[in-house]
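Structural overview for review
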Amino acid sequence: MSSYPPPFDHPFGTRIDRDALAQRLEAAAGWEAKNRLLVQLARELPPLPDALRTDEHRVAGCESTAWLVIGRQEGRLLAAADSDSRIVKGLLALLLTAYHGHTPAELAGFDFEAWLVSLGLQRFLTTSRGNGLRAMSRMIREAIAEFSH
Amino acid sequence: MPMNVPFSAARIRDEFPVFRHHPDLIYLDNAATTQKPLAVLDAERRFYETANANIHRAAHRLGSAATDAFEGARTRIAAHLNAAHPDEVLFTRGTTEAINLAAHSWGRAHLRPGDVILLSTLEHHANIVPWQLVAQATGAIVKPIPLDADGTIDQRAFLSLLTPAIRLVGLTQCSNATGVLPPLAPMIAAAKAVGALVMIDGAQGIAHGGVDLQALGADFYAFSGHKLYGPTGVGVLWARRELLAKMPPWQAGGEMIDRVSFDGTTFAEPPFRFEAGTPPIAQAVGLAAAMDWLAGHDRDTLLRHELALRERFEAGLVQLDCIRVLSASAPRGPITALAFDGLHPYDVAQFLDGYGVAVRVGQHCAGPLHQALGLNGSLRASFAAYNTEADVDATLAALATTLEQLA
């Protein structure tokens, strides 16, 4: 597994893949266990350095703040993220797992929101105005679209 | 309900059908919107079933019935507010549109470059941004009244800011974010003494104890139906007749005109001058029903109940670590705003939601207030007449479990 330079040297999308996360989420029966798992995932995602927690990378929701850094290396999309909310940060770990370290070809046809719904996390999409998850998923897709230009 | 029946929150709760559909719901997001009693739902439905037509212009019986229902609602609402005349009650979509109406009609007609609009730092964005837009258009200046360390309005600073250049002072009756109750009577008197008009945002205050407009002495008063057990889509701007007479139309269309020709149009008298187009007719009827419903209860008893719930909640919070009540020692309505050491309010609310407790997190459209308090956001629990002690106790238990989960 290739390793990437900071801040892209986190495990989500590389050492931890979609299937592994889906198994953990499926094992978390009920909303309470899922919330707890999101908090646990947040612990596994290293914080973004302060130098990157800037307005340039800020994705403001009404209820919490998140930061998203997007990069590119050898045709692969790189992403790192952080939030002041642990549950949002856990959701960002899912977002990174879906996209980080992948090529546009690997992501063709992948629907992040449908994946969240299949994992029983649709309530976080309906409150997306608050947590900015949809906006960040869109930003990553736009970055991927630019790859092909 | 007759006044001699002892107060029972459980019996009031039974009047709200939403709790039949969600029997376990602990709804503490009342400052965002309240649930609706059957009396309000029935009034709207009855209007649509028995009197639905467009108002004021119809040359038929149903149109007369609709007009009577709508104007009857205006008259009853004026009486509940103790307004001097029903014509002083303008129907709007809500508080936000009411303040926009005042800002754009009165402000654009009467503000000049250098005039000052003084707004408390407690204000909801709805009582800030309309004035900023009008200031941009007229050259007037918006100045904030700062807060004391406890999140109340700095009275000394307020008095020192009062000069003859102040044309309008904007104050909330009750902070939507922290529940803080500014001392309106002396502040209004001081503002009037320098010749300023006073806009009171009553969106929260009217739901907790109501208002007596002739006693209040303000110039504008704005509120929404939906935070007052009434429908969404309807609100009120109140202003005295003499003031409304000096205000030009804001929105234009049907209903608000006297005579239209391409040589020139003349406008109707207030209140119709300010109610362009078809107003929220059934919603106005529903709002009057909500205020009738409230008047059927002893308002002081309801307020005491809501404040007792807030106090029970805050007393229980003492058992929990890392929670701070904002403006804890200030006079407040039945609203508790919480900040957490080392925890994000959003995370707390996500767990609470799982336990069936509905609260609000964020800045509650009060950015300047949160900036002044040095907070990115807070968690707000707001109480209404149908909340019970069991709601409070279950919320405290849910909070304790949440803190364990997030530890």
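Residues numbered from 1 in each chain as written. Chains lettered and ligands numbered in written order. Predicted model: local features only at pLDDT ≥ 70, side-chain atom pairs only at ≥ 80, totals over all residues. Heavy atoms only, no water.

Looking at an unreviewed UniProt entry, one finds chain B named cysteine desulfurase and attributed to Jeongeupia naejangsanensis. Under the UniProt heading Sequence similarities (unreviewed entry), the entry covering chain B gives this text: "Belongs to the class-V pyridoxal-phosphate-dependent aminotransferase family. Csd subfamily." (UniProt positions renumbered as here; feature names shortened; annotations may be inferred.)

Chain A appears in an unreviewed UniProt entry as SufE family protein from Jeongeupia naejangsanensis. According to the UniProt record, the Sequence similarities (unreviewed entry) comment for chain A is "Belongs to the SufE family."

1. Quick word on the overall build of chain A
Secondary structure summary: chain A contains eight helices and three strands in total. In chain A, the succession of α and β elements from N to C terminus is α-α-β-β-β-α-α-α-α-α-α. Here the C-alpha atoms of chain A give a radius of gyration of 14 Å, agreeing with the 15 Å that 2.2 N^0.38 yields for 149 residues. Along the three orthogonal principal directions, the C-alpha set of chain A runs to about 40 × 30 × 25 Å. In chain A, buried positions account for 52% of the 149 residues. Long-range contacts, defined as pairs at least 24 residues apart, comprise 63% of the intrachain contacts of chain A with a sequence gap of at least 6. Entry remark: accessible area of chain A is about 7000 Å², with carbon and sulfur atoms responsible for 50%. Here chain A holds 17 positive side-chain charges and 18 negative ones, and the gap between their average locations is 5 Å. (Helix = DSSP H or I, 4+ residues; strand = E, 2+ residues; numbered from the N terminus. Rg over C-alpha atoms; globule rule 2.2 N^0.38 Å. Buried < 20%, exposed > 50% of the residue type's maximum accessible area, 1.4 Å probe, protein only. Contact = heavy atoms within 4.5 Å. Areas by Shrake-Rupley, 256 points an atom, 1.4 Å probe, with all protein chains shown as cover. Lys, Arg positive; Asp, Glu negative; His and termini not counted. Charge placed at Lys NZ, Arg CZ, Asp CG, Glu CD.)

2. Side note on the nonpolar core
Within the largest apolar cluster, 72 residues are counted, with the highest numbers of intra-cluster contacts made by Ile77, Val169 and Phe223 of chain B. The dominant element in this core, judged by the number of residues it contributes, is helix α11 (residues 281-295) of chain B, at 11 residues. Each of domain 1 (9-30 + 298-406) and domain 2 (42-295) of chain B contributes no fewer than three residues to this core. Other than its neighbours up to four places away in sequence, isoleucine 77 of chain B contacts Val89, Phe91, Phe223, Val236, Ala284, Leu287, Ala288 and Met291 of chain B. If you look at the next biggest cluster of nonpolar residues, it comprises 71 residues, including Val39, Ala81 and Ala98 of chain A together with Phe383 of chain B. (Core = buried A, V, L, I, M, F, W, Y, C linked by side-chain atoms within 4.5 Å. Domains from an automatic or database assignment.)

3. Considering the side chain of histidine 305 of chain B
Residues and elements named next belong to chain B. With respect to the secondary-structure elements, histidine 305 resides in helix α12 (residues 299-317). Judged by relative accessible area, histidine 305 falls into the buried class, the value being 12%. Not counting residues up to four positions away in its chain, the partners in contact with histidine 305 are Phe7, Ala9, Ala384, Ala385 and Asn387.

4. Overview of the sheet that holds strand β12 (residues 335-340) of chain B
Residue and element names in this part refer to chain B. Strand order in the open sheet formed by four strands is β11-β12-β15-β14, and the pairing between neighbours is antiparallel. Lying at the two open borders of the sheet, with one neighbouring strand each, are β11 (323-325) and β14 (360-362). For this sheet the average axis-to-axis angle between neighbouring strands, irrespective of direction, equals 30°. Judged from the four bridges that link them, β12 and strand β15 (residues 378-382) form a sheet pairing that is antiparallel. Its bridge partner lying in β15, threonine 336 is registered against alanine 381. The sheet strands contacting helix α13 (residues 345-354) are β12, β14 and β15, and the helix crosses β15 at an angle near 40°. (Pairing = 2+ DSSP bridges. Axes fitted to C-alpha atoms, helices over the stretch in contact; angles between N-to-C directions.)

5. Focus: the sheet that holds strand β7 (residues 220-224) of chain B
Residues and elements named next belong to chain B. In space, the seven strands of this open sheet follow the order β2-β8-β7-β6-β5-β3-β4, with mixed pairing throughout. The sheet is open, and its two edges are formed by β2 (89-92) and β4 (141-145), each paired on a single side. The average angle at which neighbouring strand axes cross in this sheet is 20°, direction not considered. For strand β5 (residues 166-172) and strand β6 (residues 197-201), the ladder comprises five bridges, and the chain directions are parallel. Considered in β6, the bridge of glycine 170 is made with methionine 199.

6. Regarding the UniProt feature "domain: Aminotransferase class V" (unreviewed entry) in chain B
In the numbering used here, UniProt assigns the feature "domain: Aminotransferase class V" (unreviewed entry) to residues 26-394 of chain B. What you have in residues 26-394 of chain B is 39% helix and 18% strand, and the ends, taken at the C-alpha atoms, are 8 Å apart.

7. A short note on the environment of valine 285 of chain B
Residues and elements named next belong to chain B. Secondary-structure assignment places valine 285 in helix α11. A residue is classified by how much of its surface remains accessible, and valine 285, at 11% relative accessible area, is buried. Those residues within four positions of valine 285 in sequence are excluded, and the remaining contacts are Ala43, Phe47, Ala69, Phe70 and Ala73.

8. As for the side chain of aspartate 201 of chain B
Residue and element names in this part refer to chain B. Residue position: aspartate 201 is located in strand β6. There is a polar contact of 2.9 Å between the side chain of aspartate 201 and the backbone nitrogen of alanine 203. When residues no more than four places from it in sequence are discounted, the contact partners of aspartate 201 are Thr95, Ile99, Glu123, His124, Asn127, Leu171, Thr172, Gln173 and Ala222. (Polar contact = N/O pair within 3.5 Å; in protein donor to acceptor, adjacent residues only side chain to side chain.)

9. Description of unusual backbone geometry
Cis geometry marks the peptide bond from proline 6 of chain A to proline 7 of chain A, where omega comes out at 0°. Considering the arrangement of structural elements, one finds proline 7 of chain A in the segment before α1 (18-27). The phi angle at asparagine 82 of chain B is positive, at roughly 55°, despite the residue not being glycine. Tracing the chain through its elements places asparagine 82 of chain B in the loop between α4 (61-81) and β2. You can call asparagine 82 of chain B partly exposed: its relative accessible area is 31%. Here tyrosine 229 of chain B, not a glycine, exhibits a phi torsion of approximately 70°, which is positive.

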